[in-house]
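# Structural characterization, general
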Amino acid sequence: MIRIGILGCGTVASGVIKLLAMHGESVRVQLGEEVEVAKVLARTPAKALALGLTEAQICSDFGEILNDPTISVVIELIGGTDAAYTYISEALKAGKHVVTANKDLIATHFQELNDLAAAHSVRFAFEASVGGGIPLVDSIRRTLAANRIQSMFGILNGTTNYILTKMTQNGLSYAEALAEAQRLGFAEANPASDVGGGDAARKIAILSTLAFHSPVSYYDVYHEGIAGITPTDIRFADQSGFVFKLLGIARQHENACEAYVRPALVPKRHPLASVSDSFNAVFITGDAVGEVMLYGRGAGSLPTASSVVGDLMNVVRAGRGHTAAALSCYENLPVMDILDSENVYYVRLSVQDRPMVLARVAGVFGKHGVSLASLVQESRGKDSAELLLFTHRASERELSAAMADLRNLDAVHEGAYWICMEDDA
Ligand SMILES: NC(=O)c1ccc[n+]([C@@H]2O[C@H](COP(=O)([O-])OP(=O)(O)OC[C@H]3O[C@@H](n4cnc5c(N)ncnc54)[C@H](OP(=O)(O)O)[C@@H]3O)[C@@H](O)[C@H]2O)c1
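Bear in mind that the values here come from a model prediction, so they are computed numbers and not experimental data.

## Concerning the overall build of the protein
Along the backbone of the protein there are 15 helices and 17 strands. At 24 Å, the protein has a C-alpha radius of gyration in line with the 22 Å of a compact globule built from 425 residues. Taken along its principal axes, the extent of the C-alpha atoms in the protein is 80 × 45 × 35 Å. Taking all contacts inside the protein whose residues are at least 6 apart in sequence as the whole, residues at least 24 apart take part in 73%.

This is the structure:
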């Protein structure tokens, strides 16, 4: 009998409890032992009772799980970095295997918690921390382990992908699409971490750490959100053969790596372009395997529980009589400054519709060595126009300097730019 303790009784925890009830017999046959939910740490006991748990299974003190020698696996599903950090550390030190879905914690304390697990010869698993139900962590750590991972391009946040899909397919503004996402439960009441790119930044930090064997923290990852994208941008991208996606991007170089999150124009022919609504996908290029894309539900109760219970089964199998190997980072690649990256860019400028403005704009780009590939001017009525242009490959440092100069021109009201995904992906 494998006795487990579950911390939290929210969306993912309830999925885990349901999944173990649905497939308990299959789990028993595969492991050769039954899994029993011994205790659930529930801040709101009514939620646990509503899931069919008995009073005896519910506790409000973590000590009841920590100090129970018959509980061998702790599943942390409360989230955040405060209590979760303490509980996980204590559980590992007490010789219990830990499974978590906590991206906030893994994106900031990965190495420390892995080292702690190794020091106490227990397993620490976190498949659900990136991409919910998509088997990303295991694929990178095991199946693709013989590769040098060259790049990863990921749609890692379902909320933003839903919003961008509605803006593209239904012509909604950002505010309208966000409101619809909130009404349908695809966006939180406070969507800042999703729409601002912070959630995806945590996930690309975790994937980069695993893929490049080098510590990449959330704090190393530059991120931008999608709030500045307008219907004009969506339409112009569409006419030019692109769709907007919020991408987590990571590349491995000889002595450094890149890891950032930005809205990007993805060519319609690319497999990531057809990843719609709240689905997630990651497009990975390895030197041996070539291109691989993993696609699926990046969130949700049962999809995420699928990864958590899979981890539970794996730690039980792996924990039998083996010493846990440290998942150490043996490289130390600095994460490049975003200004040192190079891209092709799409730029939108709101300008006065007057003679010589175009020449002045072109002059500023020229002064910074940014060469323009194409430019369209659309009139916006009296004395006002929008310039929509693509650059050739350019340095981010030069492009951002050019944009700063342009925003200071009296003829330019507003300027914004986004990267275009290139053929290397
Ligand atoms: N939801 C998803 O689709 C998804 C996908 C991938 C990863 N994750 C990750 O999975 C974890 C859980 O997410 P969730 O969506 O299930 O969150 P949730 O629905 O908000 O559930 C969190 C649960 O933890 C409880 N809790 C919070 N702080 C606690 C504390 N200090 N002591 C005891 N209980 C505490 C809450 O109690 P109350 O019931 O009293 O509020 C709630 O039951 C997070 O790390 C999240 O990032 C979630």
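The rest of the description comes next.
## Brief notes about the side chain of T165
Topologically, T165 is positioned in helix 8 (residues 158-170). Here the side chain of T165 touches N161 through a polar contact of 2.6 Å, landing on its backbone oxygen. Leave out the neighbours within four places in its chain, and T165 touches N170, K245, S276 and D277.

## A look at unusual backbone geometry
Positive phi is not limited to glycine here, since S121 has a value of about 55 degrees. For S121, the position within the fold is in the loop between helix 6 (103-119) and strand 6 (124-125). A relative accessible area of 37% means that S121 is categorised as partly exposed. For D383, which is not a glycine, the phi torsion comes out positive at approximately 60 degrees. Along the chain, the position of D383 falls in the loop between strand 14 (372-379) and strand 15 (384-391).

## Points about the site of the ligand
The ligand sits among 20 residues. The nearest are T11, V12, T44, K47 and G300. Within the side chain of T44, one N or O atom sits 2.4 Å away from an oxygen atom of the ligand. A distance of 3.1 Å separates an oxygen atom of the ligand from a polar side-chain atom of K103. Bound to the protein, the ligand loses 75% of the 890 Å² it would expose on its own. For the shell around the ligand, the per-class residue count stands at nine nonpolar, eight polar and three charged.

## A few points about the nonpolar core
Across soluble globular proteins, nonpolar side chains have a tendency to be buried as a group. Membership of the largest hydrophobic core comes to 82 residues, with the highest contact counts inside it found for L92, F124, M152, I163, F244, L265 and Y346. A per-element tally of this core places helix 11 (residues 198-212) first, with nine residues. Residues contacting F244, with those up to four places away along its chain left out, are L164, I229, D233, I234, A237, P263, A264, L265, Y346 and W418. In this structure, L272, A273, L387 and L389 belong to the second largest nonpolar core, which totals 37 residues.

## Side note on the sheet that holds strand 3 (residues 58-59)
Across the sheet, six strands lie side by side as 3-2-1-4-5-6; this open sheet has parallel pairing. Two strands bound the open sheet, and with one partner strand each, they are strand 3 and strand 6. Direction of pairing for strand 1 (residues 2-7) relative to strand 4 (residues 71-76): parallel, over a ladder of five bridges. Residue I6 lies in a different strand from strand 4, and its bridge partner there is I75.

## Here we look at the domain arrangement of the protein
Splitting the protein by domain gives domain 1 (2-133 + 301-319), domain 2 (136-297) and domain 3 (338-420). Put simply, the middle of domain 1 and the middle of domain 2, counted by C-alpha atoms, are 27 Å apart. Listed per partner, the contact involves 14 residues of domain 1 and 19 residues of domain 2. When the two sides are added together, the surface that domain 1 and domain 2 hide from each other amounts to roughly 1,300 Å², 70% of it contributed by carbon and sulfur.

## Examining the packing of aromatic side chains
Aromatic ring pairs: the centre-centre distance and the angle between the two ring planes describe each pair. With the rule as written, the count across this model stands at 14 aromatic pairs. Cluster of aromatic residues (ring-pair linked, three or more members): F236, F242, F244, Y346, F390 and W418. Positioned above the aromatic ring of Y218 is the side chain of R202, whose terminal nitrogen or guanidinium carbon lies 4.1 Å from the ring centre. The ring centre of F279 lies 4.1 Å from the NZ or CZ of R297, which sits over that ring.

## Thoughts on the pattern of salt bridges
According to the stated counting rule, one finds 22 salt bridges in the structure shown. Note that E64 and K39 form a salt bridge whose closest N and O atoms lie 3.6 Å from each other. Within this pair, whereas E64 is found in helix 4 (residues 63-66), its partner K39 is found in strand 2 (residues 35-41), the two being separated by 25 residues in sequence. Connected through salt bridges with shared partners, the residues R235, E378, R380 and E386 form a single ionic network.

## Digging into the environment of L389
With respect to the helices and strands, the residue L389 is situated in strand 15. By relative accessible area, L389 is classed as buried at 0%. Taking the C-alpha atoms as reference points, L389 and L349, 40 residues apart in sequence, are found 8.6 Å from one another. Non-local contacts of L389, meaning those with residues more than four positions away in its chain, are made with Y345, Y346, V347, F365, L372, S374 and L375.

## Regarding the packing of helix 2 (residues 24-31) against helix 13 (residues 301-319)
At their nearest, the axes of helix 2 and helix 13 sit 11 Å apart, and the two run at 20 degrees to each other. In terms of orientation, helix 2 and helix 13 fall into the roughly parallel class. Between helix 2 and helix 13 lies a crossing of right-handed hand. Across the interface between the two elements, V27, Q30 and L31 of helix 2 pack against M313, V316 and R317 of helix 13. Each residue belonging to the contact of helix 2 with helix 13 can be placed in one class, and the counts come to four nonpolar, one polar and one charged.

## Re the pairing of strand 11 (residues 279-286)
Most of strand 11 sits inside the fold, with seven of its eight residues counted as buried. Relative to strand 11, strand 7 (residues 149-155) runs antiparallel, the two being bridged by six bridges. Within strand 11, the position partnered with I149 by the bridge is G286. Of the strand pairs in this sheet, strand 11 and strand 12 (residues 290-297) are connected by eight bridges, and their pairing is antiparallel. Bridge pairing in strand 12 places N280 opposite G296.

Criteria and thresholds
- Residues numbered from 1 in each chain as written.
- Predicted model: local features only at pLDDT ≥ 70, side-chain atom pairs only at ≥ 80, totals over all residues.
- Heavy atoms only, no water.
- Helix = DSSP H or I, 4+ residues; strand = E, 2+ residues; numbered from the N terminus.
- Rg over C-alpha atoms; globule rule 2.2 N^0.38 Å.
- Contact = heavy atoms within 4.5 Å.
- Polar contact = N/O pair within 3.5 Å; in protein donor to acceptor, adjacent residues only side chain to side chain.
- Buried < 20%, exposed > 50% of the residue type's maximum accessible area, 1.4 Å probe, protein only.
- Near = heavy atom within 4 Å.
- Areas by Shrake-Rupley, 256 points an atom, 1.4 Å probe, with all protein chains shown as cover.
- Nonpolar A, V, L, I, M, F, W, Y, C, P; charged D, E, K, R; others polar.
- Core = buried A, V, L, I, M, F, W, Y, C linked by side-chain atoms within 4.5 Å.
- Pairing = 2+ DSSP bridges.
- Domains from an automatic or database assignment.
- Buried area = accessible area lost by both parts, 1.4 Å probe.
- Phe/Tyr/Trp six-rings, centres within 6.5 Å; stacked < 30°, edge-to-face > 60°.
- Lys NZ or Arg CZ within 6 Å of the ring centre and 35° of its normal.
- Salt bridge = Lys/Arg side-chain N within 4 Å of Asp/Glu carboxyl O.
- Axes fitted to C-alpha atoms, helices over the stretch in contact; angles between N-to-C directions.
- Parallel < 35°, antiparallel > 145°, perpendicular 65-115°, else oblique.
- Left-handed = near helix turned anticlockwise from the far one by under 90°.

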